[in-house]
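# An overview of the molecular structure
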Amino acid sequence: MSQMSQPSPPARPARPTRSSRSSSAATRVVDDEASEAFREADVTGKGKVDADPPPAKTDKTAKATKRVRRAPSPARAAEREQSRVTEQPGFVLHSYPYRETSLIIDVLTRDHGRIALVAKGAKRPHSALRGALQTFQPLSLAWLGKGELRTLTKAEWVGGLRPLEGDALLSGFYLNELLVKFCARDDPHDKLFQHYLTTLHHLAHGEPAGIILRAFERVLLRETGYAVAFDRCTQTRGKVVPERQYVFHPDWGVRPARGDELSDWPVVSGQTLLDMEQDDYTRAQTVQQSKLLMRFLLNHHLGGVPLNTRQILLDLQKL
């Protein structure tokens, strides 16, 4: 686990389910080293670790429990094969103890979305999984099962990303908390997965966290169905005008400001909305207004429940 423990998140807000899936892995293009490492994982074969095997049985125990195993029926074998997933790119978002020697890990995967896996024996002192199941590191995962909690069978460290340190590490925990709260289980978001990978790459290389986080928040809200285009007015159906003032209704989208909005609704310029749509944060006004707008939208969809990592950042700033 990372040096900072992640508290168990509260229930995530209700949201519309997305059913669309992205194209195959062979056509995906991502501009960082970790993505290339994902594609070469089968060739390198490095870092593979299996869940701890059960203790060896003594001859006496083996004789007492010896039985003739029947071959599984074709239907059962087919069902078992369908529930087996291998070589799936993913990241650990959060983990917590399970029984005496195991962990339950919350992972974000490319093709299966956010799922929960039980890592048997991962807490044992000599378990190879203890070092493999780290946050912010690209992994190739395999598991078995179809239910709410599946069984991790293999974890392979892929590499290609620098470790996060300092403020970048706190920003990484902020990303993970957002993903846990906004992503429903078994709801894949290929574009969000790729953007998460790219965001970690930018943070690890010391790029300005504020700008990188705003871009991720926008993609998160769009891919999970909570926000549409920032450059289109929902009332006029036309493009946002740079010189006009607008508000972003949390449920309907962008509309012109009328002056009778609630006091906590941020009024932003059309230029800010256009810049956000293009991930252009070169203007100081865009940086400031986008921060207020995204904080307002996230808070609304979280039902006013504060983010733990954001509160930690605020507490650190007071020191």
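Residues numbered from 1 in each chain as written. Predicted model: local features only at pLDDT ≥ 70, side-chain atom pairs only at ≥ 80, totals over all residues. Heavy atoms only, no water.

This next bit is on the sheet that holds strand β7 (residues 245-249). Pairing is antiparallel across the open sheet formed by 3 strands, whose spatial order is β8-β7-β9. Two strands in the sheet have a free side with no partner beyond their single neighbour: β8 (253-256) and β9 (268-269). The sheet contact formed by β7 and β8 spans 4 bridges and is antiparallel. Following the sheet pairing, F248 is matched in β8 by V254. (Pairing = 2+ DSSP bridges. Helix = DSSP H or I, 4+ residues; strand = E, 2+ residues; numbered from the N terminus.)

Aromatic rings considered in pairs are described by the distance between their centres and by the relative angle of their planes. Inspection of the entire model under this criterion finds 7 aromatic pairs. An angle of 85° between the planes, with centres 5.2 Å apart, marks the rings of F91 and Y196 as edge-to-face. Here Y196 lies in helix α7 (residues 190-204) and F91 lies in strand β2 (residues 84-98), a separation of 105 residues in the sequence. On the accessibility criterion, Y196 (0% relative accessible area) is buried. Look at Y196 and F216: their rings are 6.3 Å apart centre to centre, the planes differ by 55°, and that puts the pair in the tilted class. Of this pair, Y196 sits in helix α7 while F216 sits in helix α8 (residues 209-223), and the two are 20 residues apart along the sequence. With respect to class, Y196 is no different from F216; both count as buried. (Phe/Tyr/Trp six-rings, centres within 6.5 Å; stacked < 30°, edge-to-face > 60°. Buried < 20%, exposed > 50% of the residue type's maximum accessible area, 1.4 Å probe, protein only.)

Turning our eyes to something else, we now look at helix α9 (residues 270-277). Among the 8 residues that make up α9, 7 are buried, leaving the element largely enclosed by the rest of the structure. What α9 keeps buried is the set G270, T272, L273, L274, D275, M276 and E277. At its buried positions, α9 is contacted by α8, β7, β8, β9 and α10 (284-301). (Contact = heavy atoms within 4.5 Å.)

It is at 10 Å that the axes of helix α6 (residues 167-182) and α7 come closest, and there the two elements cross at 165°. Here α6 is positioned roughly antiparallel relative to α7, judged by the angle of their axes. Both α6 and α7 take part in a crossing whose hand is right-handed. Of the residues in α7, those in contact with A168, S171, G172, L175, N176 and L179 of α6 are L192, Y196, T199, L200 and L203. A class-by-class count of the residues in the contact of α6 with α7 yields 7 nonpolar, 4 polar and no charged. (Axes fitted to C-alpha atoms, helices over the stretch in contact; angles between N-to-C directions. Parallel < 35°, antiparallel > 145°, perpendicular 65-115°, else oblique. Left-handed = near helix turned anticlockwise from the far one by under 90°. Nonpolar A, V, L, I, M, F, W, Y, C, P; charged D, E, K, R; others polar.)

In short, geometric facts, not functional conclusions.
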